[in-house]
Structures are given as C-alpha cells and as structure tokens.
Amino acid sequence: MSAYRTGDPLDRRRFLTAAALRGATVIGTGALSTGALSTGALGTGVIGATALGAVDADAAFAAPIRPLVPAVAESAFAEGRITAINQDVLEVAGSYGDHSRVRVTNATSVWKARATTAADIETGDGLYARGLPLPDGTLAADAVWVNIVNLHATIRGIEKTRLHLAHGQHEIVGNLMAQTTSASYGDASPTADLSRLTIGQSAQVLGAWRPSDGSVDLVRVAVAPGAGRRR
C-alpha cells in the first residue's frame with residue numbers, strides 16, 4: 001500500500017512534478033457520483049479535515065504535523081494515479097509500483113485547482129491524499145489534492161490566457177484562470193496583477209495538471225524579489 005506515516009521519507013515534489021510531465025496518457029471518464037458520497041461509509045471513522053492540518057494547496061507540501069487531539073492517530077499519505085473509482089473508494093497505482101485504496105466521503109476536503117467536491121475526481125487523475133489508515137487497509141482521507149503540481153520553471157512566452165514554461169527539457173503550457181491565477185513577487189502577498197511577469201524569469205509554479213492535454217491550470221506564479229518590470 002502506498003501510504004506513508006508522518007515522518008517517513010516521501011519525495012512529494014518529485015511525484016507531483018512528474019505528474020505534470022507524463023502527458024495525456026489517460027483521459028478521465030469515471031467521475032465519482034454524488035450518490036456514492038451520501039452513504040457516509042466511514043461512519044464513526046469520519047475525521048475533521050482540520051484535525052490533521054491545513055487543506056489548502058500549500059498544505060500538500062508542508063511538513064506533516066502531529067494532531068492536537070490525542071485520540072487522533074498520526075496522519076498517513078497515499079499518492080499515485082487513480083485507476084478506478086468504486087463508490088467511495090479510489091483505487092490508486094502508486095508512483096513506485098505499489099497500490100493503495102483511498103476512501104472519501106462528503107467529509108473529505110478536495111482540491112483540484114480550487115476547493116471542490118469529490119464529484120470532480122476522475123479516473124486518470126493524479127492523487128495525493130492525507131488521512132488515517134483503517135483496519136481494512138484503506139486510507140480514510142481527510143484531504144485529497146488532485147493533479148497538484150509544484151514546478152520550478154522559466155517563463156518562455158506570455159499570452160493573454162496562458163504562459164509558456166520550460167521545466168528542464170520539457171515545455172509546459174500554463175493556463176491563466178480569471179479570478180484564480182495570482183502572482184507573488186518576492187516576499188509580497190499574492191496579487192491578481194500579472195503584469196510584472198516577463199519572459200526569462202525563473203518562477204515557482206503551483207497549479208493543477210490537466211491529464212487531457214498535459215497543460216497546467218496555474219494557481220500561483222512566484223518570482224524572485226525585484227524580478228520583472230511592467231510590460
């Protein structure tokens with residue numbers, strides 16, 4: 001099972017970066033039905049999302065924390081590609097050849113370029129999940145990040161609705177999303193003003209990979225202090 005307890009080594013950045021570079025090998029077709037979520041299959045096993053830490057995009061890369069509630073066990077993680085969805089259980093092929101089963105309900109927080117619901121999870125998506133291991137071997141997820149990527153890239157082109165990025169030998173299209181994409185210049189707070197992004201800048205890119213075409217929906221583009229002038 002591809003589940004990791006708090007403190008175990010896990011190269012999250014390596015997996016989440018690789019997801020954006022695999023290309024459109026599988027197109028999602030099996031959306032999880034709302035009816036499957038209403039069953040509340042975890043029963044008394046449902047945990048509050050905040051018991052194991054934050055659930056925003058940055059939390060996927062943060063160091064795990066010990067739960068404040070003594071009755072809550074340390075968190076575990078699962079990652080990989082979703083191969084099937086069986087009611088409220090996601091079958092996940094791990095990036096190291098292993099397999100895990102992730103259980104989600106309407107108590108699970110889901111991120112897919114934005115806060116959303118499990119109905120947006122599809123087969124073929126990349127998954128990174130945090131939760132508690134159950135006796136049957138499944139991971140009871142309190143938070144799931146779908147297709148999340150964190151890339152160090154160079155801006156090679158700028159268009160009205162997208163950025164062209166270079167990551168090593170890979171060329172990536174970054175989709176600019178109205179009211180979602182923000183830029184961070186140095187230590188300043190993120191802003192919707194993207195006018196200071198320029199060709200040639202090095203940037204750290206946080207977003208969500210699209211399995212259908214290999215592009216990335218950009219959530220935040222962070223550049224170094226003092227980088228860029230207004231175009």
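Provided above is the structure to which this section pertains.
Residues numbered from 1 in each chain as written. Predicted model: local features only at pLDDT ≥ 70, side-chain atom pairs only at ≥ 80, totals over all residues. Heavy atoms only, no water.

(A) How the structure looks around the nonpolar core. The biggest cluster of nonpolar side chains holds 19 residues, and the ones touching the most others in it are Leu163, Leu165, Leu197, Ala203, Val205, Leu218 and Val221. Every element with two or more residues in this core is listed here: strand E9 (148–158), strand E10 (162–167), strand E11 (170–176), strand E12 (182–185), strand E13 (202–209) and strand E14 (216–223). With residues near it in sequence (within four places) discarded, Val205 still touches Val149, Asn150, Leu151, Leu165, Leu218 and Arg220. (Core = buried A, V, L, I, M, F, W, Y, C linked by side-chain atoms within 4.5 Å. Buried < 20%, exposed > 50% of the residue type's maximum accessible area, 1.4 Å probe, protein only. Helix = DSSP H or I, 4+ residues; strand = E, 2+ residues; numbered from the N terminus. Contact = heavy atoms within 4.5 Å.)

(B) Spatial organisation of the pattern of salt bridges. One pass over the structure, following the stated rule, counts nine salt bridges. Between Lys112 and Glu122 there is a salt bridge, with its nearest N and O atoms 3.8 Å apart. With Lys112 in the loop between strand E5 (109–111) and strand E6 (115–116) and Glu122 in the loop between E6 and strand E7 (126–133), this pair connects stretches of sequence that are 10 residues apart. Notably, a salt bridge pairs Lys112 with Asp125, separated by 3.0 Å at the nearest N-O pair. Highlighted residues: Lys112 in the loop between E5 and E6 and Asp125 in the loop between E6 and E7, separated in sequence by 13 residues. (Salt bridge = Lys/Arg side-chain N within 4 Å of Asp/Glu carboxyl O.)

(C) Structural context of the side chain of Thr181. Note on placement: Thr181 falls in the loop between E11 and E12. Within the structure, Thr181 has its side chain in polar contact with the backbone nitrogen of Met177 (distance 2.7 Å). Beyond its immediate stretch of four places on either side in the chain, Thr181 contacts Asn175, Leu176, Ala192, Leu194, Leu218 and Val219. (Polar contact = N/O pair within 3.5 Å; in protein donor to acceptor, adjacent residues only side chain to side chain.)

(D) Molecular detail of unusual backbone geometry. With a phi close to 55°, Gln87 is a non-glycine residue in the positive phi region. Within the element layout of this structure, Gln87 appears in the loop between strand E2 (76–86) and strand E3 (89–93). Overall, the relative accessible area of 63% leaves Gln87 in the exposed class. We note that Asn147 has phi near 60°; this positive angle belongs to a residue other than glycine.

In short, geometric facts, not functional conclusions.
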